[in-house]
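Observations on chain architecture
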Amino acid sequence: MRRVLLWAIALCICVNVEARSVVKTFKVEDGNYRVTAVLGSKKSAGDTWVRAESRRLCFENIHTKKGEFKTITFTVNKRSPYINEKMRIKLKEREKDYENWDDMLTIDFCGDNPQVKDVQIEKIDDAVTMFLCGNSTVTDQNKEPWASWGQMIPRWFDDKVCVANFAESGERTTSFISSNRWAAVMERAKKGDYILIEFGHNDEKDKGPGSGAWYNFTYNLKRMIDEARQKECQVVLVTPTARRMFKDGKNQNTHGDYPAAAKAVAERENVPIIDLTTMSTILYETMGEEGSKRLLVHYPANTFPNQEKALADNTHFNTFGAYEIAKCIVEGLKQLALPITNHIVGEWQGFIPSQPDDWQKWSWPMSEFEQLKPDGN
């Protein structure tokens, strides 16, 4: 295969609330791209975070001394709503201006003092693609302070793995299929790829014939597994993340039978499963009733520019919470001993939900704020 390198066709520099940002964009077709960037400057020291598309975390806070240069490589999935000549993903209105769905590949070099000397990209077909299917707890949240584990997990894999996050806020298994998101995954999936599936938050609110954990939900999971196996892909089911709801010092299960239903499907179909419900519950209880607010979108009014009202959301994560939940997923994959874990980056040190990171040491280069909460709950 002929290897083609592409250079940035547009460059803009913008100043964010708390961070500078150097954005490079590439007009390219859909697919996986390996990005090679040289960070550093002859004139200044640098502290550079690297994010792609809708705030997908690729690298965090890379320090370069004055005159020092560091070369990094990572992969980014570029996609559009187009599936084939007859089908497109049925995007929600609020999605239509997301960078995930435009015709550009966007790389954001940000932080206190981002320094980038050169960027090259190369379309590839040798990476394992990790497709993500799910709802607001999984999707690439477009604006602050909202975040999800799916946009943090690229941080922990090398350039032989490319994360393609097709999750969207408010989705259920039924709507994920009917909006053609599942069809888009199946159109792109190839032998050896991974498909992680987390639903339940919104399925549990279905009413009417076929609703409930033991019919439509399990049927749809079985359908996804069957179709993924036809593509010779590895499915990993994920039980829904816990909501924060404390009583007498314990976080309550709000998901009813849905975690158990997902586990039953996994056992019956002999597919691996990550018990994220339990892992996130342990995380919440370790941090405590008040401390666990640090994982979620709980902020008094005027924490962010143009934020007139307080935010108190017990479902949707902030960037620190999303980072911790992504670590739960990586640790879950490690415990399952799946081959994709051979591509976890060297600085990974493991994660125990009962020993979370210190939220006071977390930093994140801020981008545009949005008061509107994601769909779903």
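Up top is the structure these notes are about.
Residues numbered from 1 in each chain as written. Predicted model: local features only at pLDDT ≥ 70, side-chain atom pairs only at ≥ 80, totals over all residues. Heavy atoms only, no water.

Along the backbone of the protein there are seven helices and 18 strands. Its C-alpha atoms give the protein a radius of gyration of 20 Å, near enough to 21 Å, the size a compact globule of 377 residues would have. Along the longest, intermediate and shortest principal axes, the C-alpha atoms of the protein span 65 × 50 × 40 Å. Looking at the protein as a whole, 58% of its 377 residues are labelled buried. Counting only contacts in the protein whose residues sit at least 6 apart along the sequence, the fraction spanning at least 24 positions is 78%. Here the protein has roughly 16400 Å² of accessible surface; of this, 48% comes from carbon and sulfur atoms. Charge-centre separation for the protein: the mean point of 51 positive side chains lies 2 Å from the mean point of 53 negative side chains. (Helix = DSSP H or I, 4+ residues; strand = E, 2+ residues; numbered from the N terminus. Rg over C-alpha atoms; globule rule 2.2 N^0.38 Å. Buried < 20%, exposed > 50% of the residue type's maximum accessible area, 1.4 Å probe, protein only. Contact = heavy atoms within 4.5 Å. Areas by Shrake-Rupley, 256 points an atom, 1.4 Å probe, with all protein chains shown as cover. Lys, Arg positive; Asp, Glu negative; His and termini not counted. Charge placed at Lys NZ, Arg CZ, Asp CG, Glu CD.)

Another point: the side chain of T218. Within the secondary structure layout, T218 lies in helix α4 (residues 213-230). With relative accessibility at 10%, the residue T218 sits in the buried group. Look past the residues within four positions of T218 in its chain and what remains in contact with it is A213, A261 and V265.

A word on the packing of aromatic side chains. Within the structure shown, the criterion is met by 14 aromatic pairs. Seen from their ring centres, W49 and W364 are 6.0 Å apart, and the 75° between their planes marks the pair as edge-to-face. Separated by 315 residues along the polypeptide, W49 in strand β5 (residues 46-52) and W364 in the segment after α7 (319-335) bring together distant segments of the chain. The exposure class of W49 is buried, given its relative accessible area of 4%. (Phe/Tyr/Trp six-rings, centres within 6.5 Å; stacked < 30°, edge-to-face > 60°.)

The next subject is α7. The terminal C-alpha atoms of α7 lie 24 Å apart, and with 17 residues this matches the ideal 24 Å at 1.5 Å per residue to within 8%. Extensive coverage of α7 is indicated by the burial of 15 of its 17 residues. Two or three places before F320, at the start of α7, stands the capping residue N318, its side-chain oxygen 3.2 Å from that residue's backbone nitrogen. Among the residues trailing α7, A337 stands out with phi positive, at a value near 55°. (Expected span 1.5 Å × (residues − 1). Polar contact = N/O pair within 3.5 Å; in protein donor to acceptor, adjacent residues only side chain to side chain.)

A few words now on the pairing of strand β12 (residues 194-198). A large share of β12 lies buried, amounting to five of its five residues. Alternating residues of β12 divide into Y194, L196 and E198 and I195 and I197, and every residue in both groups is buried. Looking at chain direction, β12 and strand β13 (residues 234-238) are connected through five bridges and run parallel. Within the sheet, the bridge partner assigned to Y194 lies in β13 and is Q234. With respect to chirality, the unit in which β12 leads through α4 into the neighbouring parallel β13 is right-handed. (Pairing = 2+ DSSP bridges. Right-handed = clockwise from strand over helix to strand, strands pointing away.)

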